[in-house]
Amino acid sequence: IRIAYDAFQHTMYGGHTTEVFTVPFVERRGIGGPSGPYWNTSHFDELTADEQASACRIPLSQPAFAFGVLYIWTLTCVSELRKCKELLTSLVLQTATIEDMADSLKPTEDDEDGFCKDTEEALLVGLTKGVKALIVCVALVPRFLVAGVLLWIGCRWLLGTATFSDLILNAVALEFVLCVKDLLYMAVM
């Protein structure tokens, strides 16, 4: 993207550019911006066909589309963060704290032994402080951190994508990374 955008800037400003970066390669930007004295749209025809195609396929050349994909990705990550909050609320904050895990389950249909007759269903009535701490440390904090980091790095990665098709493909790949835990859980359980 940077090389294509550099060639675009250098051509569109008729060589009136300033070097912004030189490492790892030269990046130039036009002097005065698009409303400045050097911007000339007729220079677009001086670009090669490949340079024109590369400049037009940069995702930020169509900001509505690029920001639409970023918005959907952000909503996906916020949904994951909300799930973490809901699990924290339901499992840690609203569940009663008990002394012994032997008292944590209450059968839904009691038989003479106190266990469910025809079903394996039971009602969770409480958790010990240790189990609550384990849930927070092993499940919720890592899940929250992964979603937060994927939100940040994913947005940067999507913005650095070279073409529209790769933008969509990368967004799907990020969603896969976010859902791998659910796939593993469903396969194992």
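Sequence order sets the numbering: in each chain, residues are counted from 1 along the sequence as written. The model is predicted, so local features are restricted to residues of pLDDT at least 70 and side-chain atom pairs to those at 80 or more, both for listing and for counting; the totals for chains, interfaces and linings are taken over all residues. Side-chain numbers here rest on the full set of heavy atoms in the structure, without hydrogens or water.

Asks: I would appreciate a short explanation of the layout of surface pockets in the present structure.
Replies: Take a probe with the size of a water molecule and roll it over the atoms, and the empty space left behind shows itself. Using a 1 Å grid laid over the protein atoms alone, points where a 1.4 Å probe fits but cannot get out form a cavity; open sets with protein on both sides within 12 Å along at least 5 of 7 lines form a pocket; any residue with an atom within 4 Å of a point counts as lining. Grid points are joined across faces, edges and corners, and a volume is the space filled by probe spheres set on the points. One number sums up the size of the largest pocket: a volume of about 350 Å³. Lining the largest pocket are 13 residues, with Ile-1, Tyr-5, Arg-29, Ile-58 and Leu-60 positioned closest to its centre. Labels follow the DSSP assignment, with helices taken as runs of H or I lasting at least four residues and strands as runs of E lasting at least two, numbered in each case from the N terminus. Of all the secondary-structure elements, those providing two or more residues to the lining of the largest pocket are α1 (2-12), β2 (27-30) and α2 (49-57). For the lining of the largest pocket, the element with the most residues is α1, which contributes three residues. For the lining of the largest pocket, a count of residues per class yields eight nonpolar, two polar and three charged. The space that makes up the second largest pocket amounts to roughly 160 Å³. Residues are grouped as follows: Ala, Val, Leu, Ile, Met, Phe, Trp, Tyr, Cys and Pro are nonpolar; Asp, Glu, Lys and Arg are charged; all remaining types, including Gly, are polar.

Asks: Quick question: what am I supposed to make of unusual backbone geometry here?
Replies: Both trends apply: most residues other than glycine have a negative phi, and most peptide bonds are in trans. Backbone torsion omega between Val-23 and Pro-24 reads 0°, so that peptide bond is classified as cis. Note that Pro-24 resides in the loop between β1 (17-21) and β2.

Asks: Looking at this structure, how should I read the nonpolar core?
Replies: As a rule of thumb, nonpolar side chains are buried together in soluble globular proteins. In this description, a nonpolar core means a group of buried Ala, Val, Leu, Ile, Met, Phe, Trp, Tyr and Cys residues linked to one another through side-chain atoms lying within 4.5 Å. The classification of residues rests on relative accessible area computed with a 1.4 Å probe and restricted to protein chains. Under 20% of the type maximum is buried, over 50% is exposed, and intermediate values are partly exposed. The biggest cluster of nonpolar side chains holds 14 residues, and the ones touching the most others in it are Trp-73, Leu-158 and Leu-178. Those elements that place two or more of their residues in this core are α3 (63-93), α4 (129-159) and α5 (164-188). Apart from residues lying up to four places away in sequence, Leu-158 is in contact with Val-69, Leu-70, Trp-73, Leu-167, Asn-170, Ala-171 and Leu-174. By size, the runner-up hydrophobic cluster in this structure holds five residues, among which are Phe-8, Tyr-13, Leu-47 and Ala-55. Any two residues having at least one pair of non-hydrogen atoms within 4.5 Å are treated as being in contact.

Asks: Would you mind showing me how to read a nonpolar patch on the surface here?
Replies: Residues forming no salt bridge and having over 30% relative accessible area are the ones grouped into patches, like charges within 9 Å of each other and nonpolar side chains (Val, Leu, Ile, Met, Phe, Trp, Tyr) within 5 Å. To measure how exposed things are, a 1.4 Å probe is used in the Shrake-Rupley method; for residues, cover is taken only from the protein chains shown. Salt bridges, as used here, are contacts in which a Lys or Arg side-chain nitrogen is within 4 Å of a carboxyl oxygen on Asp or Glu. A contiguous nonpolar surface patch, about 550 Å² in accessible area, is contributed by Tyr-185, Met-186, Val-188 and Met-189. Residue classification places Met-189 among the exposed positions, given a relative accessible area of 71%.

Asks: How do you make sense of the packing of aromatic side chains when you look at a structure like this?
Replies: Two numbers describe a pair of aromatic rings. These are the distance of the centres and the angle of the planes. Aromatic rings from Phe, Tyr and Trp, taking only the six-membered ring of Trp, are treated as a pair when their centres fall within 6.5 Å; an angle between ring planes under 30 degrees marks them as stacked, one over 60 as edge-to-face, and anything in between as tilted. Scanning the entire structure with this criterion turns up five aromatic pairs. On the basis of an interplanar angle of 75° and a centroid distance of 5.3 Å, the ring pair of Phe-65 and Phe-164 is categorised as edge-to-face. Residue Phe-65 is located in helix α3, and its partner Phe-164 is located in helix α5; the two are separated by 99 residues in the primary sequence. Exposure remark for Phe-65: the relative accessible area of 36% places this residue in the partly exposed category. Residue classification places Phe-164 among the partly exposed positions, given a relative accessible area of 22%. Among the aromatic residues, ring-to-ring pairing joins Tyr-5, Phe-8, Tyr-13, Trp-39 and Phe-44 into one connected group.

Asks: Just checking my understanding: could you explain the packing of α3 against α5 for this structure?
Replies: Relative placement of two packed helices is described by the angle separating their axes and the distance separating the axes. Interaxial distance between α3 and α5 falls to 11 Å at its minimum, and their mutual angle equals 0°. One finds that α3 runs roughly parallel with respect to α5. Residues Phe-65, Ala-66, Val-69, Trp-73, Thr-76, Cys-77 and Glu-80 of α3 pack against Phe-164, Leu-167, Ile-168, Ala-171, Leu-174, Glu-175, Leu-178 and Lys-181 of α5. Here the contact of α3 with α5 is built from residues that sort into 11 nonpolar, one polar and three charged. Think of each axis as a best-fit line through the C-alpha atoms, taken over the contacting stretch in the case of a helix, with angles from 0 to 180 degrees between the N-to-C directions. Working definition: roughly parallel below 35 degrees, roughly antiparallel above 145 degrees, roughly perpendicular at 65 to 115 degrees, and oblique for all remaining angles.

Asks: Would you explain the pairing of β2 in this entry?
Replies: Residues in a regular strand point their side chains to alternate faces of the sheet. At least two bridges found by DSSP between two strands are what make those strands a pair. Bridging between β1 and β2 involves four bridges; their strand directions are antiparallel. Each residue of the ladder has a partner; that of Phe-21, found in β2, is Glu-27. Hairpin connection, β1 to β2: the antiparallel pair is bridged by five residues.

Asks: Teacher, can you tell me more about the side chain of Asn-170 here?
Replies: Residue position: Asn-170 is located in helix α5. A polar contact of 3.1 Å, which involves the side chain of Asn-170, links it to the side chain of Thr-161. In this view, Asn-170 contacts Trp-157, Leu-158 and Thr-161; residues no more than four positions away in its chain are not counted. Throughout this description, a polar contact denotes any pair of N or O atoms lying within 3.5 Å of each other; where both atoms belong to protein, one of them has to be capable of donating a hydrogen while the other can accept it, and for residues adjacent in sequence the pair is counted only when both atoms sit in side chains.

Asks: How should the side chain of Gln-9 be read in this particular structure?
Replies: Structurally, the position occupied by Gln-9 is in helix α1. Look at Gln-9 and you get buried, because its relative accessible area is 6%. Here Gly-30 takes part through its backbone nitrogen, which lies 2.7 Å from a polar atom of the side chain of Gln-9. Apart from residues lying up to four places away in sequence, Gln-9 is in contact with Thr-17, Arg-28, Arg-29 and Gly-30.

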